[in-house]
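So you can see what is in the structure, the chains are spelled out below.
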Amino acid sequence: MTPNPRQSELLDEVRARGVMTVEALAERFGVTLQTVRRDVKLLAEAGLLARFHGGVRLPMSTTENIAYRQRQDLHAEAKQRIARAVAAAVPEGCSLLINLGTTTEAVARELLRHRGLRVITNNLNVAAILADNPDCEVIVAGGVVRHRDRGIVGEAAVDFIGQFRVDIGIIGISGIEPDGTLRDYDYREVKVAQAIIRQSREVWLATDHSKFNRPAMVEMARMPQLDRLFTDAEPPSPYAALLAEAGVQLDIAR
């Protein structure tokens, strides 16, 4: 499903508070209990919320991400704004490593008018998008293709990426925890992302606001390994302080 504006705000409210009652949500949005229950039912069926008696919470799995098709629709407008900001900062004629994720795919779409790019990626969706740019050379990593999102993972992909040294690595993430760790769900995907970080002169993280305070099982990196973070809203506490301490440039896509 694609959440409507009220449902997206409802998700953000639950994400900010952790747990909320149906009554509190109805009061917060000035709607009836029946309306909230209907929204919650749809969001729960889509795997975006978990229901319990009288209230809702986030699914909070640390082992499994939301389905790829659902992630494509979730916060799509925010991802587009982030992607435009990232693309505006990417100079023409540079080399890029781009990893998996719906936000990095949005970035690829915004790079279609750039000239002289050389892009190495383990994301078949990114490769297919940028193949439409005749002024962009696309190099695809070898390895095992994940059917659910066309990501390429495994030791072959890690070894392949190790051959390159690029100007900018553009990465997405599944969750950022309050201690400043960047986390994801699949250790094979994380190994490839870590290779991208090692082989990039600058590392840019592109992520929407929903990834803050979201748990995931595998540590990918820590704040000091980033150079820039692109997101769509001011990060909640304590992230602004963590970013400043790590010397990470924060770019808010308005």
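As the structure is a computational prediction, the values presented were derived from the model and not from experiment.

Chemist: Just give me the short version of a nonpolar patch on the surface, but keep the residues and values in it.
Modeler: A grouping of Leu124, Val140 and Val145 is seen on the molecular surface, where their side chains present a nonpolar patch of about 180 Å² in accessible area. Here Val140 lies in strand E6 (residues 136-140). Judged by relative accessible area, Val140 falls into the partly exposed class, the value being 36%.

Chemist: Go over the sheet that holds strand E10 (residues 175-176), please, and point to the residues and values.
Modeler: Whether parallel or antiparallel, the strands of a sheet pair through hydrogen bonds between backbone atoms. Here we have three strands laid out as an open sheet, ordered E10-E11-E13, and antiparallel in their pairing. The open sheet has two edge strands, E10 and strand E13 (218-222), and neither has a second partner. Pairing of E10 with strand E11 (residues 181-184), which is carried by two bridges, proceeds in the antiparallel orientation. Paired with Gly175 across the bridge in E11 is Arg183. Strands in contact with helix H9 (residues 187-198) are E11 and E13; relative to E13, the strand with the most contacts, it is inclined by about 15 degrees.

Chemist: Run through the sheet that holds strand E9 (residues 166-171), naming residues and quoting values.
Modeler: Reading across the sheet, the seven strands line up as E6-E5-E4-E9-E12-E14-E15 and stay open at both edges, with parallel pairing between neighbours. The sheet is open, and its two borders are formed by E6 and strand E15 (249-252), each paired with just one other strand. Averaged over all pairs of adjacent strands, the angle between their axes in this sheet comes to 20 degrees, without regard to strand direction. The pairing of strand E4 (residues 95-98) with E9 spans three bridges and is classified as parallel. Looking at E9, one finds that Ile98 is bridged to Ile170.

Chemist: I'd like to hear about the side chain of Asp186, residue by residue, with values.
Modeler: When you line up the elements, Asp186 lands in the loop between E11 and H9. Residue classification places Asp186 among the buried residues on the basis of a relative accessible area of 9%. In this structure the side chain of Asp186 is engaged in a polar contact, spanning 2.8 Å, whose partner is the backbone nitrogen of Arg188.

Rules used in this analysis
Residues numbered from 1 in each chain as written. Predicted model: local features only at pLDDT ≥ 70, side-chain atom pairs only at ≥ 80, totals over all residues. Heavy atoms only, no water. Patch = residues over 30% accessible without salt bridge, like charges linked within 9 Å, V, L, I, M, F, W, Y side chains within 5 Å. Areas by Shrake-Rupley, 256 points an atom, 1.4 Å probe, with all protein chains shown as cover. Salt bridge = Lys/Arg side-chain N within 4 Å of Asp/Glu carboxyl O. Helix = DSSP H or I, 4+ residues; strand = E, 2+ residues; numbered from the N terminus. Buried < 20%, exposed > 50% of the residue type's maximum accessible area, 1.4 Å probe, protein only. Pairing = 2+ DSSP bridges. Contact = heavy atoms within 4.5 Å. Axes fitted to C-alpha atoms, helices over the stretch in contact; angles between N-to-C directions. Polar contact = N/O pair within 3.5 Å; in protein donor to acceptor, adjacent residues only side chain to side chain.

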